[in-house]
Amino acid sequence: MEEDQGLFADRPEWADVVPIEQYEGAPPIAPIFYTPEYKDATNYFRGIIKTGEKSPRVLDLTENVIRQNPAHYSAWQYRYKTLIALNAPLDAELELMDELAVTYLKTYQVWHYRRLLVQQTNNPEPELAFIANALQSDAKNYHTWSYRQWILAHFNDDALWRGELAFVEHMLDSDLRNNSAWHHRFFVVFQSGVREGDEDRDVVLRRELTVVKTKIAIAPSNASAWNYLRGMLDHSKTPYSTLRSFVAPYSVPHPEQHEAPLEMLWTLRIPSHHQGLNYHASQQLNSWRISMKPPVEMI
Amino acid sequence: MSMDSPRRSPDDHHPTDTSELQLEIESILLKHLPLDPDSLPPLQRQQHLQYLVRNLVQGFPSRYISQDASQAWLLYWTLQSFGVLGVVLDPGNKQRAIDKILAWQHPEGGFGGGPGQAAHLLTTYASVSALAIVGRPGAGGGWDQIDREKLYAFFMSLKQPDGSFLVTHHAEVDVRGMYCLLVVAYLLNLLTPELLQGTPGFIASCQTYEGGFSSASQPYYTAVAEGWGTLLEDIRPSLGEAHGGYTFCALASWVMIQPYLEVSQSRSTTAATTTPTTTRGNPSIDYKRLLRWLVQMQGSETELGGFKGRTNKLVDGCYSWWVGGCFALLASLGVGGHAHDAGNQEHTADGNGEWDDDTDESVWDKAALQKYILCAAQHPAAGLRDKPPKGADAYHTLYCLAGLSAAQHTVRPLPARRAEIDQAWCETLGSSHQQLRRVAFADALAWSEEEGLSHVLGGSVNRVNATHPVFNLTTTHTQGIMSYFYKQTVPRRT
Ligand SMILES: [Zn+2]
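Residues numbered from 1 in each chain as written. Chains lettered and ligands numbered in written order. Predicted model: local features only at pLDDT ≥ 70, side-chain atom pairs only at ≥ 80, totals over all residues. Heavy atoms only, no water.

A. Highlighting the overall build of chain A. Each helix and strand counted, chain A has 15 helices and zero strands in total. Looking at chain A as a whole, 58% of its 299 residues qualify as buried. Within chain A, residue pairs in contact and separated by at least 24 positions form 62% of the contacts whose partners lie at least 6 positions apart. When the accessible area of chain A is evaluated, it comes to approximately 13,100 Å², of which 55% is carbon and sulfur surface. (Helix = DSSP H or I, 4+ residues; strand = E, 2+ residues; numbered from the N terminus. Buried < 20%, exposed > 50% of the residue type's maximum accessible area, 1.4 Å probe, protein only. Contact = heavy atoms within 4.5 Å. Areas by Shrake-Rupley, 256 points an atom, 1.4 Å probe, with all protein chains shown as cover.)

B. Quick look at the coordination of the zinc ion. All names here are of chain B. Protein coordination of the zinc ion is provided by Asp316 (OD), Asp316 (OD), Cys318 (SG) and His396 (NE2), with donor distances spanning 2.1 to 2.5 Å. Considering all four donor atoms around the zinc ion, angles at the metal cover 56 to 124 degrees and the coordination shape is irregular. Each donor residue of the zinc ion belongs to the same chain, and together they define the spacing D-x1-C-x77-H. For Asp316, a relative accessible area of 11% gives the class buried. (Donors = N, O, S within 2.8 Å, 3.2 Å for Na, K, Ca; no water. Tetrahedral: all angles 85-135°; square planar, octahedral: opposite > 155°, others 65-115°.)

C. Layout of a negative patch on the surface. All names here are of chain A. On the surface, Asp157, Asp158, Glu196, Glu199, Asp200 and Asp202 cluster together to form a negatively charged patch. For Asp200, the position within the fold is in the loop between helix H10 (179–190) and helix H11 (201–218). Taking relative accessible area as the criterion, Asp200 reaches 45% and is therefore assigned partly exposed. (Patch = residues over 30% accessible without salt bridge, like charges linked within 9 Å, V, L, I, M, F, W, Y side chains within 5 Å. Salt bridge = Lys/Arg side-chain N within 4 Å of Asp/Glu carboxyl O. Lys, Arg positive; Asp, Glu negative; His and termini not counted. Charge placed at Lys NZ, Arg CZ, Asp CG, Glu CD.)

D. Structural detail: the packing of helix H3 (residues 71–85) of chain B against helix H5 (residues 121–134) of chain B. Residue and element names in this part refer to chain B. In contact at an axis separation of 8 Å, H3 and H5 are set at 35 degrees when each is read in the N-to-C sense. Along this stretch, H3 crosses H5, giving a crossing that reads as left-handed. Mapping the contact onto sequence places Ala72, Trp73, Tyr76, Leu79 and Gln80 in H3 and Leu122, Thr123, Tyr125, Ala126, Ser127, Ser129, Ala130, Ile133 and Val134 in H5. (Axes fitted to C-alpha atoms, helices over the stretch in contact; angles between N-to-C directions. Left-handed = near helix turned anticlockwise from the far one by under 90°.)

E. Main features of the environment of Lys140 of chain A. One can find Lys140 of chain A in the loop between helix H6 (127–137) and helix H7 (142–155). Since its relative accessible area comes to 13%, Lys140 of chain A is described here as buried. Taking the C-alpha atoms as reference points, Lys140 of chain A and Ile66 of chain A, 74 residues apart in sequence, are found 24 Å from one another. Leaving out residues up to four positions away in the same chain, Lys140 of chain A has contacts with Trp145, Arg177, Asn178 and Ser180 of chain A together with Thr18, Arg310, Asn312 and Lys313 of chain B. Within the local environment of Lys140 of chain A, its side chain forms a polar contact with the backbone oxygen of Asn312 of chain B, the two atoms lying 3.0 Å apart. (Polar contact = N/O pair within 3.5 Å; in protein donor to acceptor, adjacent residues only side chain to side chain.)

F. Highlighting the interface of chain A and chain B. The partner chain B presents 97 residues to the 86 residues of chain A that form the contact. Interface of chain A and chain B: buried area, both sides summed, is about 7,600 Å²; carbon and sulfur atoms make up 55% of it. Our count for the contact surface shared by chain A and chain B stands at one salt bridge. Of the charged contacts in the structure, one is a salt bridge between Asp234 of chain A and Arg289 of chain B, with a shortest N-O distance of 3.5 Å. At the boundary of chain A and chain B, one finds 46 residue pairs in polar contact (both at pLDDT 80 or more). (Buried area = accessible area lost by both parts, 1.4 Å probe.)

G. Representation of the domain arrangement of chain B within the structure. Residues and elements named next belong to chain B. On domain assignment, one finds that chain B holds domain 1 (44–146), domain 2 (159–272 + 281–285), domain 3 (288–414 + 450–463) and domain 4 (419–448 + 473–494). Each side of the interface is counted separately: domain 3 has eleven residues, and domain 4 has four residues. Buried area between domain 3 and domain 4, summed over both chains or domains, comes out near 590 Å², and the portion from carbon and sulfur atoms is 65%. On inspection of domain 3 and its partner domain 4, the count reaches zero salt bridges. Among the residues forming the side of domain 3 that touches domain 4, the class breakdown is six nonpolar, two polar and three charged. (Domains from an automatic or database assignment. Nonpolar A, V, L, I, M, F, W, Y, C, P; charged D, E, K, R; others polar.)

H. Examining the side chain of Asp365 of chain B more closely. All names here are of chain B. Note on placement: Asp365 falls in the loop between helix H14 (326–332) and helix H15 (366–377). The buried charged residue Asp365 lacks any salt bridge, with Lys371 as its nearest oppositely charged partner at 8.2 Å. Within the structure, Asp365 has its side chain in polar contact with the backbone nitrogen of Ala368 (distance 3.1 Å).

I. Looking closely at the nonpolar core. In this structure, Tyr76, Phe155, Phe471 and Met482 of chain B are the most contacted members of the largest nonpolar core, which totals 153 residues. Ranked by the residues each element gives to this core, the list is headed by helix H7 (residues 175–187) of chain B, at eleven residues. Excluding anything up to four places from it in sequence, Met482 of chain B contacts Tyr186, Leu187, Phe441, Ala444, Leu445 and Phe471 of chain B. Counting 75 residues, the second largest nonpolar core, distinct from the first, contains Leu96, Trp111, Leu135 and Leu160 of chain A. (Core = buried A, V, L, I, M, F, W, Y, C linked by side-chain atoms within 4.5 Å.)

Quick look at the structure:
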């Protein structure tokens with residue numbers, strides 16, 4: 001762990017490195033007001049890039065830069081190259097990453113770097129619990145969810161997939177409007193192959209229909225659930241008309257068309273709470289939809 | 001419309017984190033709803049300009065250290081904001097900007113986020129776009145100092161077997177990188193079939209069941225020790241849900257690969273044999289589902305008509321461009337006017353689509369978006385922002401202004417203009433892939449502002465410049481840099 005050791009410029013063990021200033025000559029246009037610590041660390045980082053050194057102290061330096069600016073992709077990239085060149089222990093690195101990922105949840109780099117490491121260790125098993133934990137503090141974090149999907153698809157191990165549906169249920173139980181969780185459900189159920197126990201696709205479809213209908217009944221204005229419903233109908237080429245009786249109580253009459261095609265049902269809901277501003281737009285959408293090639297059920 | 005308070009989003013008596021946050025934000029946004037709908041706050045042009053000038057001349061405060069690897073972006077956002085506001089930089093500051101950008105060029109090709117930083121697709125895009133605005137040919141002008149050969153080699157070194165691109169070495173694949181690469185290849189005349197091979201399929205694989213696009217897709221399942229597993233033919237599941245930023249990048253990329261699809265298709269028909277072309281292997285995207293999702297992203301009256309970036313998330317000023325900007329792109333593909341047949345995918349950007357004369361027939365509410373930007377996205381002091389009560393920043397300043405531009409103007413590829421440019425094309429000796437580049441050049445520069453179709457909320461004092469729907473540069477800057485690198489003289493607009 002990096003203790004506060006002051007500037008690299010004051011450390012005797014760094015005396016052999018020539019720090020490189022960012023810009024030569026006159027101060028550049030649109031400068032950033034760097035802190036002395038950041039300027040110092042990045043000057044040394046540029047010095048190291050120039051010589052191409054890959055040594056343990058480079059790990060200290062890049063960690064220092066990353067902690068000051070986790071979006072410094074070159075520091076991450078150089079750190080990775082150094083780690084591989086040194087054949088450094090990856091477990092220790094992952095431990096450090098456990099801390100950094102939680103602190104810098106929103107940067108692209110922490111998650112991709114983790115991917116690189118896990119590809120090296122070839123041990124995805126602890127990752128799902130780690131991700132679940134990270135999602136507790138940020139339940140819709142895009143990178144975290146994509147990382148989870150990548151872990152599942154890349155390693156494609158039955159043991160990894162096994163608990164996934166239960167995990168989605170858990171996430172939806174705590175917020176059934178979490179669209180990231182709905183997307184994950186679609187990924188697990190429809191887009192990642194067929195796993196043991198799910199071979200009968202009609203059974204799967206019925207199960208999903210029950211799930212989504214139940215959740216729509218709890219919160220009928222939840223767009224995530226309706227989108228999932230449409231998605232699964234499209235995916236399985238199930239005609240929308242099969243859901244006529246389920247959908248009817250949730251729809252409002254269309255001003256121009258008394259028997260609106262079922263295709264429009266969710267859109268028709270929009271005017272109810274978009275009345276006014278968006279009404280025109282949704283009207284237009286409807287008329288555009290009417291002009292779509294029939295029959296809609298054949299999607 | 002009555003003066004009643006607009007309807008809040010229903011929580012169906014089942015509150016969750018999402019609905020509670022939504023209602024909290026609606027309470028804040030409602031305070032920004034103008035009491036008199038006929039008197040909206042004006043665009044604070046002077047304040048925004050001062051904000052931009054301050055960043056450019058004095059610099060960015062130290063919290064921008066987090067953007068030290070995005071110095072190219074900071075400059076592009078600032079310069080393009082000037083472009084949208086119709087302000088031209090003086091020659092001295094232009095030169096300082098050029099000098100700074102050139103310091104980011106990597107010896108092995110491409111541009112990094114700052115001096116000594118690794119080349120990256122995003123910062124290469126921002127650097128080249130900034131050079132399109134301030135640069136010029138000749139010594140010290142920036143354009144001739146771009147090492148195009150090494151840049152192309154850098155691009156090819158990032159290409160993956162599924163048609164996607166890494167954003168930089170040892171880094172992630174995502175559609176933003178692809179968009180950035182394609183824009184640069186367009187502007188600098190670097191398009192080749194090799195570069196684009198497989199890319200249409202990658203784009204299509206990122207469309208999710210909701211209709212919008214995700215950051216990337218998974219090309220194969222089984223992890224292998226070295227390199228790639230088997231490339232999946234059918235399902236390449238999308239990694240991440242439909243998202244406004246990725247959707248813009250994917251859709252704009254889709255528009256940009258049309259010349260490639262057209263040229264390679266016409267080649268395969270000329271070589272036509274007895275076997276009919278199968279639809280398989282011709283990737284397509286579902287325009288209808290995409291349009292439905294885009295329309296859903298526009299907020300209600302309570303949300304002042306701003307755009308959100310994902311289902312059940314909050315409105316945010318930057319999606320004014322990322323989502324609001326998608327409608328012009330879709331329209332160029334023949335989708336979005338209510339009289340159009342969206343199923344016809346043969347219609348491409350060069351086609352002879354019929355257009356409705358009245359933009360009020362638009363499927364999205366352009367006036368409402370202008371309202372969001374004027375009432376909620378302007379910071380009371382200066383600059384633009386995500387939403388109140390947040391502070392302004394360089395990124396949101398550009399994408400709110402660009403979104404305002406998209407909501408005010410109608411910019412579309414005009415077939416007559418396209419024909420004019422195409423007819424003036426001069427074959428250049430020693431240049432390869434002429435056919436592809438000729439189509440791309442004419443497609444890119446056929447985009448024209450329809451002067452008569454602008455609708456500026458609040459009157460002409462609020463008018464901003466039109467911006468190119470694919471590149472987010474003004475049409476003047478786009479034409480300037482492209483005609484230079486394609487060695488073409490573009491006929492004057494008649
Ligand atoms: Zn934003």
